[in-house]
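Remarks on the overall topology
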Amino acid sequence: MERRTFLKNSGLAAAGLMASSAVPAFASQLLKENSMEQFENTGLGKRFRPKNKSGFGGVALGNGFNANPDIECLQSIEAAWNAGVRYFDTSPWYGLGLSEHRMGLFLKDKKRDEFTLSSKIGRILKPHDDFKLDGLWKGKLNFSYDYDYSAAGARKSVEDSLQRLGVASLDIVFIHDLSPDNKDMKGDWKKYFDIAAKGAMPELIKMREEGLIKGWGFGVNTIEPILKAIEVSDPDVFLSACQYSLIHHKDDLNKVFPKAAEKDISIVVGAPLCAGFLSGKDRYLYNGDFPAGVKEKLASLQRVANNHKVDIRTAALQFAAAPDVVSGVIPGAHTVKQAQENAASFKAKIPAGFWAELKKEKLIEENAPVPKG
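Residues numbered from 1 in each chain as written. Predicted model: local features only at pLDDT ≥ 70, side-chain atom pairs only at ≥ 80, totals over all residues. Heavy atoms only, no water.

1. Topic: the sheet that holds strand β7 (residues 215–220)
Condition: By this definition, two strands are paired if DSSP reports at least two bridges between them. Think of it this way: any DSSP run of H or I at least four residues long counts as a helix, any run of E at least two long counts as a strand, and we number them from the N terminus. For helices, the fitted line uses only the C-alpha atoms of the stretch in contact; every axis is such a line through C-alpha atoms, and the angle between N-to-C directions lies from 0 to 180 degrees. By definition in these notes, contact holds between two residues if any of their heavy atoms fall within 4.5 Å.
Read across the open sheet, the eight strands follow the order β1-β2-β3-β6-β7-β8-β9-β10; overall the sheet is parallel. Each edge of the open sheet carries a strand with a single partner, namely β1 (55–57) and β10 (326–330). Taking each pair of neighbouring strands and ignoring which way they run, the sheet shows an average axis angle of 20 degrees. As judged from the four bridges shared by strand β9 (residues 266–270) and β10, these two strands associate in the parallel manner. What sits directly across from Val269, in β10, is Val329. Packed onto the sheet, helix α8 (residues 200–210) meets β3 (116–121), β6 (172–176) and β7 and runs at close to 140 degrees relative to β7.

2. Brief notes about the packing of aromatic side chains
In plain terms, the rule: Under the pairing criterion, centres of Phe, Tyr and Trp rings, with the six-membered ring standing for Trp, must be within 6.5 Å; the plane angle then separates stacked pairs below 30 degrees from edge-to-face pairs above 60, leaving the rest tilted. Burial here depends on accessible area, computed with a 1.4 Å probe over protein chains only, as a share of the maximum for the residue type. Under 20% is buried, over 50% is exposed, and the range in between is partly exposed.
Throughout the structure, instances matching the rule amount to 23 aromatic pairs. A centroid spacing of 5.7 Å and a plane angle of 45 degrees characterise the contact between Tyr94 and Trp137, whose relative ring orientation is tilted. With Tyr94 in the loop between β2 (87–89) and α5 (98–107) and Trp137 in the loop between β4 (123–127) and β5 (143–147), the pair connects residues that are 43 residues apart, well separated along the chain. Comparing Tyr94 with Trp137, the two get one shared label, buried.

3. Some remarks on empty space enclosed by the protein
Short version of the rule: Residues are called lining when one of their atoms sits within 4 Å of a cavity or pocket point, these points coming from a 1 Å grid over the protein atoms alone, where a cavity is a set in which a 1.4 Å probe fits but cannot get out and a pocket is an open set with protein on both sides within 12 Å along at least five of seven lines. Grid points are joined across faces, edges and corners, and a volume is the space filled by probe spheres set on the points. Each residue gets one label: Ala, Val, Leu, Ile, Met, Phe, Trp, Tyr, Cys and Pro are nonpolar, Asp, Glu, Lys and Arg are charged, and the others, such as Gly, are polar.
Overall, the coordinates contain one cavity of 30 Å³ or more when judged by the stated rule. By volume, the largest cavity is sized at about 50 Å³. Ser54, Gly55, Phe56, Ala80, Val85, Pro331, Ala333, Ala339, Asn342, Ala343 and Phe346 are the residues that line the largest cavity. Among the secondary structure elements, those contributing two or more residues to the lining of the largest cavity are β1 and α13 (336–345). No other element matches the three residues that α13 contributes to the lining of the largest cavity. Taken together, the residues of the lining of the largest cavity break down into eight nonpolar, three polar and no charged.

4. A look at unusual backbone geometry
For Leu96, which is not glycine, the phi dihedral falls at a positive 50 degrees. Topologically, Leu96 is positioned in the loop between β2 and α5. The phi angle at Leu285 is positive, at roughly 55 degrees, despite the residue not being glycine. Locating Leu285 in the fold gives a position in the loop between β9 and α11 (294–308). Residue class for Leu285 comes out buried when judged on its relative accessible area of 14%.

5. What about the layout of surface pockets?
Here the second largest pocket defines a volume of roughly 280 Å³. What lines the second largest pocket is a set of 21 residues, among which Lys51, Asp113, Glu114, Phe115 and Thr116 lie closest to the centre. Grouping the amino acids of the lining of the second largest pocket by side-chain chemistry returns six nonpolar, six polar and nine charged.

6. Quick word on the pattern of salt bridges
Where charged atoms from two side chains of opposite charge come close, those side chains can pair. The condition that has to hold: Any Lys or Arg side-chain nitrogen located within 4 Å of an Asp or Glu carboxyl oxygen qualifies as a salt bridge.
Following the criterion strictly, the structure yields 20 salt bridges and no others. The salt bridge partner of Glu203 is Arg155, with a shortest N-O separation of 2.8 Å. Residue Glu203 is found in helix α8, and its partner Arg155 is found in helix α6 (residues 151–165); the two are separated by 48 residues along the sequence. Under the relative-accessibility criterion, Arg155 is labelled buried at 18%. Overlapping salt bridges, with partners in common, bring together Arg47, Arg208, Asp234 and Asp236 in one network.

7. A word on the state of the cysteines
Just so we agree on the cut-off: Pairs of cysteine sulfur atoms within 2.5 Å are identified as disulfides in what follows.
Per the stated rule, a full pass over the model turns up zero disulfides. Of all cysteine sulfurs in the structure, the one in Cys242 sits closest to Cys274, which takes part in no disulfide; the separation is 7.7 Å.

8. Points about the pairing of β9
Residues in a regular strand project their side chains so that they alternate between the two faces of the sheet. By the criterion of burial, β9 is predominantly enclosed, with five of the five residues buried. Side-chain alternation along β9 places Ser266, Val268 and Gly270 on one buried face and Ile267 and Val269 on a second face that is also buried. Sheet topology places strand β8 (residues 237–241) next to β9; five bridges connect them, and they run parallel. Each bridged residue has a counterpart across the sheet, and for Ser240 the counterpart in β9 is Val269.

What follows is the structure in structure tokens.
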């Protein structure tokens, strides 16, 4: 069955996303009336940036946390597109190929110059029916993986991703999970980093020169690899996940952002909602633990939000997008409701008094940028 027929039969194309009863009234109204102009990138600087900071992250499309139906995932991508989102991020790691397949099924039919697409390298997938892997990815897995940060590995990973996505080019490639928190590396992340410095990094620069990609960097959950990569190579953009949110942002703000800005490097903020913690989910990031104090801080944030009638998810996404150095914010979604609520959050108006009270209560750093109004 052709994709267009498939979507029509699902009720998506026939009914129209804007009329969906699953979409809250506030989200539909915001999507109609407001724009994302406040969070557009300026176009200044020589390095590539997406046009708009409002993005879509592909973890849930890879069955992160839950096994999600194909049609639900496709509908969520279309909902994001219809709401104006034009930056999409995925990875071979997300569901071991599943996220790229699902994202590509929708994006392959769009004009390539109308959207920004990023994926990642570092793991080469190998056919392995019923591969068993405890942790984040749910449902049936049909691939295992090996780490490869060599030049040849980087080239193969990009080519494999293009095949899974069904597109001819990527805009951004992130070197993925080469980081101290990667338990697979057993504390040897610097050895992998040295391999990448001699292999993947120069190969990605070559791909950029060839025009196969427009920019590259690291996609990691800690700040150390980002700072080290700035010292040894010529990256364009970093995906800094788990490090810039209403809950935790001091290290990125004071250590990473200034170094990046000096080099005209931008930051894509991953996990801006702390994997759902800031949008009502009973989880914090990806390892199943609640660090000391995070629930208490969320309660304090919610108290201030209630004072100003502000939605916490909306505040979290706009806070992540506020710094000039940030070029993208990529909350995940696997339903129409989630995708449209996320997009609507970038169009909402938040009173200046809300941010002022957060700073007065020391719930965000005094020097943290906030939306201009």
